[in-house]
Amino acid sequence: MKVFVVDDEERQRKSVIKHVEWSQYHMCVIGESEDAQQALEMAEQAPPDLLITDIRMLGMDGLELSARMRKINPRMRIIMVTGYEEFEYAKSALDIGVDAFLVKPILFEELNAILERICEAERQAISRNQEEMRIKEQLDTFKPIAREQFLQELIHGLILSEEAIRTHADALGMFAHGGLRRVLVIVLDANPKSPLPKEEQVLRAQQLLNESVAAICGSLLEEKTTTQRGNIVLILRDANSEAIEAFDQKSEHILRNLGQEAERIDCCPVSIGGGPSFAELSRLSESFRLAQRAVNQRLLGSEERTFCWKILQEQEDIRYKSVDELKGDFLEVFGAGDSQNSLSLLGELLRGIAGSPHIQGSNLRSLCLQLISGANRIAAEIGDVSRHVGSEQRLWEQLLECREETELLQEMVRIITRLSDFIAERKKSPTQIVVQKALEWMNAHYRDNLTLRSVADSVYLSPNYLGALFREELGISFTDQLIQIRVNKAKELLQYSQLKLYEVADSVGYQNMGYFTGVFKKMTGFSPKEYRAGDR
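Analysis parameters
Residues numbered from 1 in each chain as written. Predicted model: local features only at pLDDT ≥ 70, side-chain atom pairs only at ≥ 80, totals over all residues. Heavy atoms only, no water. Pairing = 2+ DSSP bridges. Helix = DSSP H or I, 4+ residues; strand = E, 2+ residues; numbered from the N terminus. Axes fitted to C-alpha atoms, helices over the stretch in contact; angles between N-to-C directions. Phe/Tyr/Trp six-rings, centres within 6.5 Å; stacked < 30°, edge-to-face > 60°. Buried < 20%, exposed > 50% of the residue type's maximum accessible area, 1.4 Å probe, protein only. Lys NZ or Arg CZ within 6 Å of the ring centre and 35° of its normal. Contact = heavy atoms within 4.5 Å.

A.B. asks: Honestly, the sheet that holds strand 3 (residues 50-54) in this entry has me stumped. Any pointers?
C.D. replies: Taking strand neighbours across the sheet as the criterion, the five strands line up as 2-1-3-4-5 in an open arrangement whose pairing is parallel. The sheet is open, and its two edges are formed by strand 2 (28-33) and strand 5 (100-103), each paired on a single side. With strand direction ignored, the average angle separating the axes of adjacent strands in the sheet is 20°. Taken together, the four bridges between strand 4 (residues 77-82) and strand 5 define a ladder with parallel strand orientation. The residue bridging Thr-82 from the neighbouring strand is Val-103, located in strand 5.

As structure tokens, then:
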């Protein structure tokens, strides 16, 4: 801290400067003056952090000097020196925030104590500022991640109400203005004849497109994100809030220009689909879904580069699926590790739930529990999901803790998203291919007397190596994985069959009913009888 000492009594001024160990308080005296006006001029060039001044001086007094210096450095600290007869008068200095008073003659023990307090207060202030800066840096670091997650939830329809979407958007500083919005989806297909790997083809195409998308879309481009498959999603907004026909015309022009740009990219085929325009943020997922379906028309052999959602209106076989059908579709795609499709199907399922007057209360809770159980079982078949996400029982407890239906759906989406990320990540692992084949063998032969050697033989590995892969990839031993598979199969039979308990045990490879009961209870916390009765 830089210190000014101002006092028209030279002896007292010099004494203060000389008899204080300034360095121990992380301070140094950079200015001294007998004249307040001169001190003010010095402060204009080098503002002090601490001012020690006599209250009574010729000309400008210490109060006025302090007030005027505070305008130069608002954080400057002040120690005011006063006589006994001036003490009541000096109390008015509190109005300008004097940190401490010293009564003449100065006792250096008191001055040192005051300097110690100021030093500690400054240290704490610096520490607080550093902590605030650290938190701000962390928020700045995580904000792009939060924005990206919000965009993914938005386009997949995982946030149902307009109010909830608006709350999220406001917190992240997004979608501040109203108007019409439309989604475009750019799909990058790998060229099987190219010598380049698929990932490199897509990466090159993305780099080329990123250079031109902003220029082509101009002020209409509001947000851009990338799906789990590497497809580019553009959200266009009409800044002028004009009629829908005018916005559609401008965005169709962008669609055509992007198509022309796509034809220039030779590293891999590029196609663009456009969804309809909506004013509500909650309907952007519908625009995304229809844009995705439109661009999928390329799979029918079309040589076009651009596809408008209106092409779908010509199809006569469009029908709405029931909630049960959507649930089945979701779990099937979920198990394949297709994060993008599974999240989109989950969004459709949520809209189906919201639109059904029969799925409320206990029916809604039951459906959410079924979805979580189904998704968790699928994830458990390829890895130690409980270590990453939590046990099935704990996931159920998290759902049952939700009181409001909206909170229940949000928690279900959060859990399934984590499970989806877990599956997608495991599918990426190279050694996962071998482990997956071993798991498929185990799922097909779990009734048999399986050993690590028999499973290892099925994938042409040594037992020791396969056992190491299980521990590395799944975080679980072969034996525990086999038990997990058998118990999961037993849970299905107990829920959906009329088999007797001993028949269930025999069906999953356990001839000893007592042993089966012990294993089942250890894994689930319930006996087979309790599980079937629903006491769980």
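There is more to say after this.
A.B. asks: Would you take a moment to explain the packing of aromatic side chains for this structure?
C.D. replies: Any pair of aromatic rings gets described here by the distance separating the centres and the angle formed by the planes. Within this structure, the stated rule accounts for six aromatic pairs. Residues Phe-150 and Phe-175 carry aromatic rings whose centres are separated by 6.3 Å and whose planes lie at 65° to one another, so their mutual orientation is edge-to-face. With Phe-150 in helix 5 (residues 108-155) and Phe-175 in the loop between helix 6 (162-172) and strand 6 (181-188), this pair connects stretches of sequence that are 25 residues apart. One exposure class covers both Phe-150 and Phe-175, and it is buried. Note on Tyr-510 and Tyr-515: the rings are 5.8 Å apart at their centroids and 55° apart in plane angle, and the pair reads as tilted. Taking relative accessible area as the criterion, Tyr-515 reaches 48% and is therefore assigned partly exposed. These aromatic residues form a ring-pair network of at least three members: Tyr-510, Tyr-515, Phe-516, Phe-520 and Tyr-531. Stacked on the ring of Tyr-510, the Lys or Arg Arg-486 has its end atom at 5.2 Å from the ring centre.

A.B. asks: Can you help me understand the sheet that holds strand 8 (residues 232-237) in this one?
C.D. replies: Taken in spatial order, the five strands of this open sheet run 7-8-6-9-10, and their pairing is mixed. Of all strands in the sheet, those with a lone pairing partner are strand 7 (221-226) and strand 10 (306-308), marking the two edges. This sheet shows a mean twist of 20° between the axes of neighbouring strands, independent of strand direction. In terms of strand pairing, strand 9 (residues 270-278) meets strand 10 through three bridges, oriented parallel. Across the sheet, residue Ile-272 finds its bridge partner in strand 10, namely Thr-306. Here helix 8 (residues 244-264) sits on the sheet in contact with strand 6, strand 8, strand 9 and strand 10, set at roughly 170° to strand 9.

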